[in-house]
Structure formats: structure tokens, C-alpha cells
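# Structural features, examined
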Amino acid sequence: MTSKDGRTGGEAKLRRQAEKIAKRKTIQVPEITESPSVDESGRLIHELQVHQIELEMQNDELRRAEKELDVERERYFDLYDLSPVGYCTLNEKGLILETNITAAILLGVVKGALVKQSLTLFILPDDQDIYYRYCKKLLEKDEPQTCELRMVKKDGTTFWAQLTASAAWDARGRSVRRTVISNIDERKQAERRQNLVTEILGIINESPLLADTIKGILTSIKREMGFDAAGIRLKSGDDFPYFVYDGFSDNFLIRENTLIVRDQYGNICRDANGNISLECICGRVISGRTDPSNLLFTEGGSFWTNDSVTHLDFLLSQGQRFHHRNGCIHEGFRSSALIPIRVNQEIVGLLQLNCRRKDCFTFDTLRYFEGLASSVGIALTRKQAEEALRLAHDELEQRVASRTAELLRSEENFRRSMDESPLGLRVVTLEGETIYANRAIIDIYGYDTIEELKTTPTKKRYTPESYAEFLIRRKKRRQGLDEVSEYPLSIARKDGDIRHLQVLRKVILWNGTRQYQVIYTDITERKRMEEALFAKSQQLEQTNTALRVLLRQREEDLKEMGHRIVTNVQKLILPYVKEIRKLRLTPSQSNYLDIIDSNLQHVVSPFLQNLAACFTAFTPREIQIANLIMEGKTSKEIADFIGTAPRSVELHRNNIRKKLGLGGKKANLRSFLLTLS
């Protein structure tokens, strides 16, 4: 509404307030020599005073409004820019129209640089589909939408974010999306840790084998935490090789699999206490030689670094000597963690986590993995016990199965050996009732079936003499008296043929009951052969007696003949030889006579007779030379006497020694020959 002078309601009100103030003030009018009329001057002065007051009041109102505006700006800054969550206003194309400082900090970009940028530039490519579906639902449904995805900062690092958006209209009536960005990394990390613990517990409970359990745990840790490589070392003898691993190169494993320190000659190095020395940081953690005051180690004995290059420089600057191989650095791992695996306070292994990104670990992360390593240690102990129990159970089952199979084979073999035995075999009761009989016993008796044998009376099956002996044995058994366990038996076969058996009887347990096992050996043919042999031996004995008589007679005849020959030589030949020696003989004739005399002496010599009798392998020449040796002749004399060379005599002497068993001995040949004369 406007007044007559064209003022608005606010201005008219301000005019009235100014007039009231002007009336209260004393107005001093300057002296005017030439001026308009008094009424006009007064009116002008009044207007000026009112206008001045209006300007002052407007100025005060502007200051008050500016203060209120500053307060509102501060409130807007606190509520919008300094909000703990990021705010963004997006247009229909997804471009950022407005954002707060928190959103800029979350995305690692200056606030002004975000304007007119597409939000998809900061979403991980793998999660673009999630964002697309989220935007589609927002357009289709007239209600706020929420999604969770991974966003990428300007430096390339990622974080989990929750986007909540609602459709709205700006001051110009354009369609916009009010979007809230919340960093949910901690919640996601807690969820991952809880899911990882749940998954590991499931692996521990489900995997029957220790190797599968440890491998499953390692795979889950690497996948859920996003590490590039992970491994678990377990104690094996004095070393700690990798039990399972994932993400390490073959060359790395070849270099790093063993931790034992060796000297230049390849010998194992030990410390002052005789313990085997382990090198590298892994060996230091496993040995428990960590320093909690060093920032690289935790109270739980773990080692960790978020930048291995800086860590190496730090160790060198501190003069530390860890025998570091720098293997993880050479592999390009910037973040590393080594967590001991304990069982009852004893370190039995090591959990190794590596990533090529920096800043992957925190104290909270290390405490989580130390707790996880304890669970792995407990699982390891339980699995080792279960595996040992399973192996023992399997071994026991194998032994039982093997023993059962062996018993079955033994029983089968026993049954087969009984059924197929060439000896007759029966199992009988105390009264002689047949419980079992093999095929051989049926063949021995000549019956067709075991039932026929059982139903045939004993008296009909035995000869009268054997049946009488059977009655005596049964009576002794009933009286509990000792009875013979082996005895002969004569039976009458079904066809009436008489067979002779040798029976062996012994007490056995048959199906838990005391019975008798009776073994029958058919000795009919043997007995017939024995009878034939006995008759033959009687005949041979008579023949031998006759031969012995003839041999004695022959020996006596030979002795008588030898005696006659010696007597004839001594009485009829040797006296004439002596008479011939008295004649004048030439040297040649004398020599021949000596030979004749010597040969005659040989014929009648007891020495030659004994020599020939004891050593029939001697040749006539050896007998002749042996006789001359006994007479004390030298080899040369013997050679001259028999007309041969001394070397030939020596050869004969050696042959004689060998045949007499004196070869290689120092015994005198002549002395030995004299013992034979």
C-alpha cells in the first residue's frame, strides 16, 4: 500500500517515526539575510531534518540486517560446510552444482574444483553399475534412495561411501538431486572383520584337513582385506618354511622359504645358547627378539610398516642389524606386517601380510590380526590334534580291516586246507558223533556223502580188532582217563576193502565247545611197502651172509698166495742172486744185478705192500723211488741207479709228498716213509 506522496508502507512508517523524532529536537535556524518566506524555510528545514533522521534509521536497520545475515552465514557454514557428512547438489546430468567442504575433503579435491564436475569421476569403475541403478531408482520413485559403493579420491585411494539422495527443485525451478555422502570405511572394515572371523570359524569347523584349513584361512584374509600377497610359515624341524602362500613370485619363495642362517661353508649358525639362528625380520619375530619401544614392533611381538623403504632407512639410521634380505622391498611391497602365531605362548608360525600400497595398517588393524593369529594358533592346535586322532583312527581302522581280512583269509585258507587236505579230517564229539568231515575222509571210507558216513555204524566201518580197541578207548574217555593221542586203525571200506590208517587225535575248541579233532593218514600202501621191504631185507640179509663167507674165504686165499710167492722168492731166487755176486762181473752186469735184487726185494718188502695198500694212486716208478728214498738214497744216486735225470727224480719226490699229504709241510719224507715199513 502506498501513501499520497507515493511512499510504501515501510517508508511511510519510517517517515512518521522520523517526524516524531524531529519534533522532539530543538532546531536552530541559521541567520538568513535574503531568504524565502518563513513558512517555506521552515518546511525545507523540517524536510531536511526528517530526511536525515530517515537516513540514520535506514543505516541502523542495514547494520542490524547485516549482523543477522552474518549470524545466518555462520549457521549455514556450521550446518552445511562443516557437516560431518558431504553434501552435494547435482543437476539432472549428475554434475556437481554445489558442495560443502566435507565432500571436498572426502574426495581429496578443493571445494571450488568440484563444481561442474561429474560425480561418476569419483566412483570406482567396478561400482559404476551400482551408481547407475541407484540413479535410475531415484528417477523412477519419488522417494529418497540409498546405495553403498567405493569412491576414489584424487590421489587414487579408495573408500567406502554411502550415498543418500532425494529429488528437489532449485530457486529457478530446475530439477536437482540433494545428495549426502558418508564415509562408511570403518563400518565396512568392521563388517569385513566380522565376516572374516565368521568365515574363518566356518573354515575351521568344516575343513577336515589341516592343510585345507590353513589355506582357506589365508585365502579369506587376502581376499577380504585386499592384500597383494599373504603367507603362513609353520615350524618344520628347526626351520619355518611357508606352509601356504598366495601372491609371492617363485623367485621370492626360492630365496625366502628358509630362514636358517648359514656360514660361508653352508654350515648352520647357532647363538650362544645353541639355538639355531634365524635371519631377516621374519626370523626375529619368530625368535621373539622384538623391541616394543621401537615403533616398528607392537607389544604383541608383531612387526609392521606402512612404507618399507622408510623403514629400511630408519633401521640403517638406528644401526640395527636384522640381517635383512630386503626381499619384500625388491618385490615392491610397501606395506608389510609379520604377526607371530602362538600356541600356549610358544611361537609355532608366522602370518605374513604384504601389499604394494602404502598405509595399509594401523595399530587397530595389527591388534585385530594378532587376535586372528591367536585363533589360527588355536585352530592349528585343534586341527593337529584332530588330524593326529584321525590318522590314528584311520591307522586303527586299517589295522582292524587288515587284521579282519587276514583272519578271513586265514579262516578261508584253513577251511580250504581242511577241505582240500589229502589227509582225512573229522571233528567229533566225546561220543564219536561226526560234526565235520572233509572230502578226504569220505574218499578214505569209500562213501558218497558225509551223511552216509555219519549214518553208518562204527562197528560196520571198523575191522573187529579195531572196533574192540575203539570200545576200550571210548570207555577210558568216559572215565576221564588218559588215552593215547596216536594209534593205528584198520577200517572196512564200503566196498569191503580193508585199509590201514594212522590216527592222530587231539582236543580242540570248535564253536566255543570242547571237541576232538581226528586226523586220518592212509598208510595202507606204506604198510604193504614196509611188508615187501621187510621180506626183501630178509632175502638181502641171507645174500649178504653168503657173500661175507665168500669174501673171508677169498681173503684167506690171497694171503696164502702172497705167502707162497714171498717164500718162493726168498728160497728159490735170492740165494742164486747172492751166488752170482760172487762171480767176477763187469760194472754193467753188476748194475743190472743190483736192479734185479732191488726189484725182488720190492716184491717181498712189507713196506711196498703197505704203501701199495694205503696209496693205490702211486705209479710203479713212484713206488720204486719211494723205496730208494727210504733206503737213504739221494736224488742224484737214485737218478744214476734208475738211469734218469736228477730233475725227474725231484718231480717224482714232489708228487709223492703231495699224494702222502705232505705238500707244503716241513716233514721229512724218508722219516714218514719209514713209519709205513
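In this report, we go over the structure that sits alongside the text. (Residues numbered from 1 in each chain as written. Predicted model: local features only at pLDDT ≥ 70, side-chain atom pairs only at ≥ 80, totals over all residues. Heavy atoms only, no water.)

## Some points on the overall build of the protein
Of regular secondary structure, the protein possesses 23 helices and 15 strands. In the protein, which comprises 677 residues, the share counted as buried stands at 35%. A fraction of 48% describes how many contacts in the protein between residues 6 or more apart in sequence connect residues 24 or more apart. Taken as a whole, the protein presents about 42,600 Å² of accessible surface, with 53% of it coming from carbon and sulfur. (Helix = DSSP H or I, 4+ residues; strand = E, 2+ residues; numbered from the N terminus. Buried < 20%, exposed > 50% of the residue type's maximum accessible area, 1.4 Å probe, protein only. Contact = heavy atoms within 4.5 Å. Areas by Shrake-Rupley, 256 points an atom, 1.4 Å probe, with all protein chains shown as cover.)

## Here we look at the sheet that holds strand E7 (residues 242-246)
With antiparallel pairing, the five strands of this open sheet are ordered in space as E7-E6-E10-E9-E8. Lying at the two open borders of the sheet, with one neighbouring strand each, are E7 and strand E8 (303-305). Strand-to-strand twist in this sheet, taken as the mean axis angle between neighbours without regard to direction, amounts to 15°. Where strand E6 (residues 229-234) and E7 come together, four bridges link them in antiparallel fashion. Note that in E7 the partner of Gly231 across the bridge is Tyr245. Helix H9 (residues 280-287) rests against E6, E8, strand E9 (335-343) and strand E10 (346-355) of the sheet, and its axis sits at about 145° to E10. Running at roughly 35° to E9, helix H12 (residues 363-419) makes contact with E6, E8, E9 and E10 of the sheet. (Pairing = 2+ DSSP bridges. Axes fitted to C-alpha atoms, helices over the stretch in contact; angles between N-to-C directions.)

## What to know about helix H20 (residues 620-630)
Within H20, eight of the eleven residues are buried, which leaves the element mostly enclosed by the surrounding structure. Those residues of H20 that sit buried are Glu622, Gln624, Ile625, Ala626, Asn627, Leu628, Ile629 and Met630. Positioned one or two residues after H20, Gly632 has a phi angle of 95°, which is positive.

## Some points on the environment of Phe672
Looking at the secondary structure, you find Phe672 in helix H23 (residues 669-674). By relative accessible area, Phe672 is classed as partly exposed at 27%. Remark: the alpha-carbon pair of Phe672 and Met630, spanning 42 residues in sequence, is separated by 8.8 Å. Apart from the residues lying within four places of it in its own chain, the contact partners of Phe672 are Leu660 and Leu662.

## Looking at the nonpolar core
Formed by 31 residues in total, the largest nonpolar core has its most connected members in Ile221, Leu351, Leu353 and Phe369. Listing elements by their share of this core, those giving two or more residues are helix H6 (185-206), helix H7 (210-225), E6, E9, E10 and H12. Once residues lying within four places of it in the same chain are set aside, the contact partners of Phe369 are Ile221, Met225, Phe227, Ile339, Leu351 and Leu353. Of all hydrophobic cores here, the second largest spans 24 residues; its members include Cys88, Ala103, Tyr131 and Ala161. (Core = buried A, V, L, I, M, F, W, Y, C linked by side-chain atoms within 4.5 Å.)

## Digging into the sheet that holds strand E12 (residues 434-437)
Ordered in space as E12-E11-E15-E14-E13, the five strands form an open sheet in which the pairing is antiparallel. The open sheet has two edge strands with one neighbour each: E12 and strand E13 (486-492). Sheet twist, expressed as the mean angle between neighbouring strand axes with direction ignored, is 30°. The pairing of E13 with strand E14 (residues 498-510) spans seven bridges and is classified as antiparallel. Counted as the bridge partner of Glu486 is Leu504 from E14. Helix H16 (residues 464-478) rests against E13, E14 and strand E15 (513-522) of the sheet, and its axis sits at about 135° to E13.

## A look at the layout of surface pockets
Space inside the largest pocket adds up to approximately 1,000 Å³. If you trace the largest pocket, you find 27 residues lining it, with Thr158, Asp185, Arg192, Met225 and Arg357 closest to the centre. Secondary structure elements with two or more residues in the lining of the largest pocket: strand E4 (158-169), H6 and H7. The leading source of residues in the lining of the largest pocket is H6, at seven residues. (1 Å grid on protein atoms, 1.4 Å probe; cavity = no way out; pocket = protein on both sides within 12 Å on 5 of 7 lines; lining within 4 Å. Points joined across faces, edges and corners; volume = space filled by probe spheres on them.)

## Concerning the packing of helix H21 (residues 635-642) against helix H22 (residues 646-659)
Running from N to C, H21 and H22 point in directions that differ by 110°, and their axes come no closer than 8 Å. When the axis of H21 is compared with that of H22, the two are roughly perpendicular. When the axes of H21 and H22 are compared, the crossing they make is right-handed. Between H21 and H22, the contacting residues are Ser635, Ile638 and Ala639 on the first element and Pro646, Val649, Glu650 and Arg653 on the second. (Parallel < 35°, antiparallel > 145°, perpendicular 65-115°, else oblique. Left-handed = near helix turned anticlockwise from the far one by under 90°.)

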